[in-house]
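Close look at the chain arrangement
Read off the chains here:
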Amino acid sequence: MKSCGSMLGLWGQRLPAAWVLLLLRFLPLLLLAAPAPHRASYKPVIVVHGLFDSSYSFRHLLEYINETHPGTVVTVLDLFDGRESLRPLWEQVQGFREAVVPIMAKAPQGVHLICYSQGGLVCRALLSVMDDHNVDSFISLSSPQMGQYGDTDYLKWLFPTSMRSNLYRICYSPWGQEFSICNYWHDPHHDDLYLNASSFLALINGERDHPNATVWRKNFLRVGHLVLIGGPDDGVITPWQSSFFGFYDANETVLEMEEQLVYLRDSFGLKTLLARGAIVRCPMAGISHTAWHSNRTLYETCIEPWLS
């Protein structure tokens, strides 16, 4: 007969094994009862189209985002499509603002903006006029951020009797400013007329004094990252460096962003954003204007890394 001490020792050796068997027996039930691990969600993405575009143009971009960031809520805003995109830009800004406010309200962690061509200017104005926007990344996709000065098929269709050298006569009139294209027409040979007549670009650039300039600059600086995308083979944005806030001087020599007065004066916050490392420039060659939102390599290189 075993002693009491030897029985306790034997029980002590068998106790761990007994617990293991018990745990194995009830493990499936424990796993079912345990809360599911938290999966980090991606911030919602809002897409704003360009001139003569519609939401259908972004089907490839939507596919890429769904593949690389499954579960992301992507909203391609279907406003001012086709010829309606010629409406004055301030009218468009108001319409897009009403559309993005409820999306932002449901996303306390922030949203991403992907804005193509003319849409990039609409989005920049949104960032200026919205006091409480929560945009993490503003991705400007081949957008004429410093304006447009070039003969394109769009302009020839709208103004068949005018070339870029004399289009200022139309665009810098009250009638001309009723067309979105004229809102960012920037003739480097008639700078005084541009500053006095531009009802949109000169204002959001802070090139002309207005009562909201300080507030707009403060609002714009709320953005987390400003991602600028463009390239030399675009074929529409003229000069193409306008996508990076570069533009012509009076001799039609392109001055880069850091040489522009709006940067040197930090009139709407570019210099401040660059100093804090918030501006990302992503130049890509070999992409035409209508292919920016469907090129997979461009997406993986310049867009996907900023969709947190």
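Labelled according to an unreviewed UniProt entry, the protein chain appears under the name Lysosomal thioesterase PPT2, originating from Colobus angolensis palliatus. According to UniProt, the comment filed for the protein chain under the heading Sequence similarities (unreviewed entry) is "Belongs to the palmitoyl-protein thioesterase family."

Evaluation of the coordinates by the stated rule reveals seven salt bridges. The salt bridge partner of Glu91 is Arg87, with a shortest N-O separation of 3.0 Å. Across the pair Arg296 and Glu300 runs a salt bridge, and its minimum N-O distance is 3.0 Å. Separated by four residues within a single helix, Arg296 and Glu300 lie in helix H13 (residues 296–303), roughly one turn from each other. On the accessibility criterion, Arg296 (28% relative accessible area) is partly exposed. The partly exposed category is assigned to Glu300, whose relative accessible area is 43%. Bridged by salt links that share partners, the residues Glu67, Arg296 and Glu300 form one connected network.

Burial along strand E1 (residues 45–48) is two-sided: Val45 and Val47 facing one way and Ile46 and Val48 facing the other are all buried. As paired elements, E1 and strand E2 (residues 74–76) share three bridges and run parallel to each other. In the strand pairing of E2, Val47 is matched with Val76. A crossover connection joins E1 to the parallel E2 through helix H2 (residues 59–68); in handedness this β-α-β unit is right-handed. Note that E1 and strand E3 (residues 111–116) share four bridges and pair parallel. Following the sheet pairing, Val45 is matched in E3 by His112.

Quick notes on the rules
- Residues numbered from 1 in each chain as written.
- Predicted model: local features only at pLDDT ≥ 70, side-chain atom pairs only at ≥ 80, totals over all residues.
- Heavy atoms only, no water.
- UniProt positions renumbered as here; feature names shortened; annotations may be inferred.
- Salt bridge = Lys/Arg side-chain N within 4 Å of Asp/Glu carboxyl O.
- Helix = DSSP H or I, 4+ residues; strand = E, 2+ residues; numbered from the N terminus.
- Buried < 20%, exposed > 50% of the residue type's maximum accessible area, 1.4 Å probe, protein only.
- Pairing = 2+ DSSP bridges.
- Right-handed = clockwise from strand over helix to strand, strands pointing away.

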